Amino acid sequence: MQTIIVCTFLFHLLFALITLTFSLKKYECHKEKYRAIIQELEGKAVLVAVSKTKPAEDIQALYDLGQRDFGENYVQELVEKESILPKDIHWHFIGHPAKQQG
């Protein structure tokens, strides 16, 4: 049985690093650290990146680094993202399923 780690902090940290102006060398360093975290956990735990409210481009950036598990709590967002992102992404529902407002 694998442990599932839902890590909002790492997801937000990576996107903060991506959106800030860093030199390419420094950015590459952070990408390698993230890849190392994913590799270290492989087979031991599942790192679920919380992707709710994040655009598909941001999710694709983490996917390109090796992240395959993402967490959503809005069905509509998951359906939209699932239709345009790679098919081997493992989607997880996190928190309480949100009811549609209106």
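Residues numbered from 1 in each chain as written. Predicted model: local features only at pLDDT ≥ 70, side-chain atom pairs only at ≥ 80, totals over all residues. Heavy atoms only, no water.

Applying the stated criterion to the full structure yields one aromatic pair. Aromatic side chains phenylalanine 70 and tryptophan 91 sit 6.0 Å apart centroid to centroid with 45 degrees between the ring planes, which places their arrangement in the tilted category. Of this pair, phenylalanine 70 sits in strand β3 (residues 69-72) while tryptophan 91 sits in strand β4 (residues 90-93), and the two are 21 residues apart along the sequence. Considered together, phenylalanine 70 and tryptophan 91 belong to a single accessibility category, that of buried residues. Over the aromatic face of tyrosine 63 sits the side chain of arginine 68, whose NZ or CZ is 3.6 Å from the ring centroid. (Phe/Tyr/Trp six-rings, centres within 6.5 Å; stacked < 30°, edge-to-face > 60°. Helix = DSSP H or I, 4+ residues; strand = E, 2+ residues; numbered from the N terminus. Buried < 20%, exposed > 50% of the residue type's maximum accessible area, 1.4 Å probe, protein only. Lys NZ or Arg CZ within 6 Å of the ring centre and 35° of its normal.)

This paragraph deals with unusual backbone geometry. Despite not being glycine, threonine 53 shows a phi value in the positive range, around 70 degrees. Relative to the elements of secondary structure, threonine 53 occurs in the loop between β2 (45-50) and α3 (56-64). We classify threonine 53 as exposed; its relative accessible area is 58%.

So, on to the nonpolar core. Tyr34, Ile59, Leu62, Phe70, Leu85, Ile89 and Trp91 are the most contacted members of the largest nonpolar core, which totals 16 residues. At the level of elements, α2 (24-41), β2 and α3 are the ones that each hand at least two residues to this core. Considering every element that reaches this core, the biggest residue donor is α3, with four residues. (Core = buried A, V, L, I, M, F, W, Y, C linked by side-chain atoms within 4.5 Å.)

Bringing the layout of surface pockets into the picture now. Reported here for the largest pocket is a volume of approximately 200 Å³. Counting only elements with at least two residues in the lining of the largest pocket, the list comes to α2 and β2. Considering every element that reaches the lining of the largest pocket, the biggest residue donor is β2, with three residues. (1 Å grid on protein atoms, 1.4 Å probe; cavity = no way out; pocket = protein on both sides within 12 Å on 5 of 7 lines; lining within 4 Å. Points joined across faces, edges and corners; volume = space filled by probe spheres on them.)

Let us now look at the confidence of the model for the protein chain. Counting all residues, the mean pLDDT for the protein chain is 75, and 66% of those residues have values of 70 or more. Here residues 17-24 scores under 50 on pLDDT; set against residues more than four positions off or in separate chains, the count is six contacts. (pLDDT = per-residue confidence, 0-100. Contact = heavy atoms within 4.5 Å.)

Take α3 next. Within α3, burial applies to Ala56, Ile59, Leu62 and Tyr63. Looking down the long axis of α3, one finds its buried residues gathered within 120 degrees of arc, a one-sided arrangement. Seen from the open side of α3, the exposed residues pointing more than 90 degrees away from its buried face are Glu57 and Asp64. Looking at the residues trailing α3, positive phi occurs at glycine 66, about 115 degrees. (Arc of directions from axis to C-beta.)

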